Each structure stands twice: as structure tokens, then as C-alpha cells.
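Next come the chains, spelled out residue by residue.
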Amino acid sequence: VVWSVGRTGVITPVAVVLPVQVSGATVTRASLHNLAILNNLELTKDASVEIVRRGGVIPYVERVFEHGQEAIVIPSKCPCCEEATEIKGDFLYCAQADACTDVIRARIAYFCSVIDLQGLGEKHLLNLIEKSLLSTPADLFNLTTEKLEQLDRMGPKLATKIIAEIEQKRTLPPAVF
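Overview of the structure. Note that the structure is predicted; figures quoted are calculated from it, not measured.

1. Quick look at unusual backbone geometry
The backbone phi angle of Glu82 is positive, close to 70°, even though this residue is not glycine. Note that Glu82 resides in the loop between β7 (70–71) and β8 (85–88). Even without being a glycine, Ser132 presents a positive backbone phi close to 60°.

2. Let's talk about the pattern of salt bridges
Taken as a whole, this structure holds 8 salt bridges when the rule is applied. Where Lys88 meets Glu86, a salt bridge forms, and the shortest distance between an N and an O atom there is 3.4 Å. With a closest N to O distance of 2.5 Å, Arg105 and Glu122 form a salt bridge. Linking Arg105 in helix α2 (residues 101–114) with Glu122 in helix α3 (residues 122–130), this pair joins segments that are 17 residues apart in sequence. With relative accessibility at 17%, the residue Arg105 sits in the buried group. On the basis of relative accessibility, which here comes to 42%, the residue Glu122 falls in the partly exposed class. Salt bridges sharing partners connect three or more residues here, namely Asp102, Arg105 and Glu122.

3. Examining the packing of aromatic side chains
In this structure the tally under the stated criterion is 1 aromatic pair. Between Phe111 and Phe141, the aromatic rings sit 6.4 Å apart at their centres with planes inclined by 85°, giving edge-to-face as the arrangement. With a gap of 30 residues between them, Phe111 in helix α2 and Phe141 in the loop between α3 and α4 (145–148) connect regions that are remote in the sequence. Over the ring of Tyr60 we find Arg54, and its NZ or CZ is 3.7 Å from the ring centre. A cation sits over an aromatic face here: Lys88 above Tyr93, 5.0 Å from the ring centre.

About the criteria used
- Residues numbered from 1 in each chain as written.
- Predicted model: local features only at pLDDT ≥ 70, side-chain atom pairs only at ≥ 80, totals over all residues.
- Heavy atoms only, no water.
- Helix = DSSP H or I, 4+ residues; strand = E, 2+ residues; numbered from the N terminus.
- Salt bridge = Lys/Arg side-chain N within 4 Å of Asp/Glu carboxyl O.
- Buried < 20%, exposed > 50% of the residue type's maximum accessible area, 1.4 Å probe, protein only.
- Phe/Tyr/Trp six-rings, centres within 6.5 Å; stacked < 30°, edge-to-face > 60°.
- Lys NZ or Arg CZ within 6 Å of the ring centre and 35° of its normal.

Quick look at the structure:
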């Protein structure tokens, strides 16, 4: 199991499995969704599991056929920022989500997808966050070509293209806003 930090600060367990064909796709990861599902399945390391693709899309651990020997430990620290975690109901959260790099990146990536902003991939976003140039989606509109050119693998041509894309998104249709 690996732990994935999302834009709300939820830390989601994800099963890592040997490659298997499920509904025509090769699956190596399967959703466990939350702590309650992980606990209800009584999942252990090296367990044999059944995986289905819910809705024909999302790989999901359906049941455990054979348990492994080692229990799965719920992390006491966020896998990204190393801050404490906290359990609220069925979910595990990063206690300092507003300062967690993975949460900030996920929030900004989600905003970029909603407004259909092209050109800033996950690596560029992470680099901008690490250089303290982005901490909220609004910070995108303060970027300049000079700031973008500080990034690895970002030349003047690409920086200019991304700034032009950002400028086009300053005015959004009401449905998108």
C-alpha cells in the first residue's frame, strides 16, 4: 500500500499489485478509497486480492482471498510533508494540509484542469511551489515569463506560451467560474 495525498488533504491508501489484466487494461494500482475499506478488508502486505474495474474504469480491491503475514501500518506522518496525520471518521488527513506541497500542487492542478489551462504539468507546478512562486491558484495570475524561466526545462518560448495561456484565462465564462 502506498499513500496518496489529495487536494483536500485526505491521505488515501492505494494498493500496489503485480501487473494483472482487468477488463482489458493492465492494472498495477487499485483504489482502497479510505481507512474503513482498508480495515473492513483486513488487508495485509502480500495478500492475494480480487480486483475489479468499477464502472469499467477505476481499479478497486473487491476482496481478499489470502492474507499476508504483515499488517499495513497507517502512517502517523504525512507521506509528503512529514507533518502529523489525523483520523476523522473513515479518513486520514494531513494535519497541516494548507502547507503540504502535495495538497497545494493538487489544488492548483485541479484549478488548471477546471479552467483548461494548458502547459503547466505536475513537475512544473511542483517546481513553482518549491520556489515559492505558487501557493494558491490565484498565484498563477502573478506569474511572469521571467519567473517561469527560472524553472528547469523552461525556455523563453515555452514561458511566453504559458503566460499567454494564463492571460486568456483571466476572464472565464460564468459556468466555469
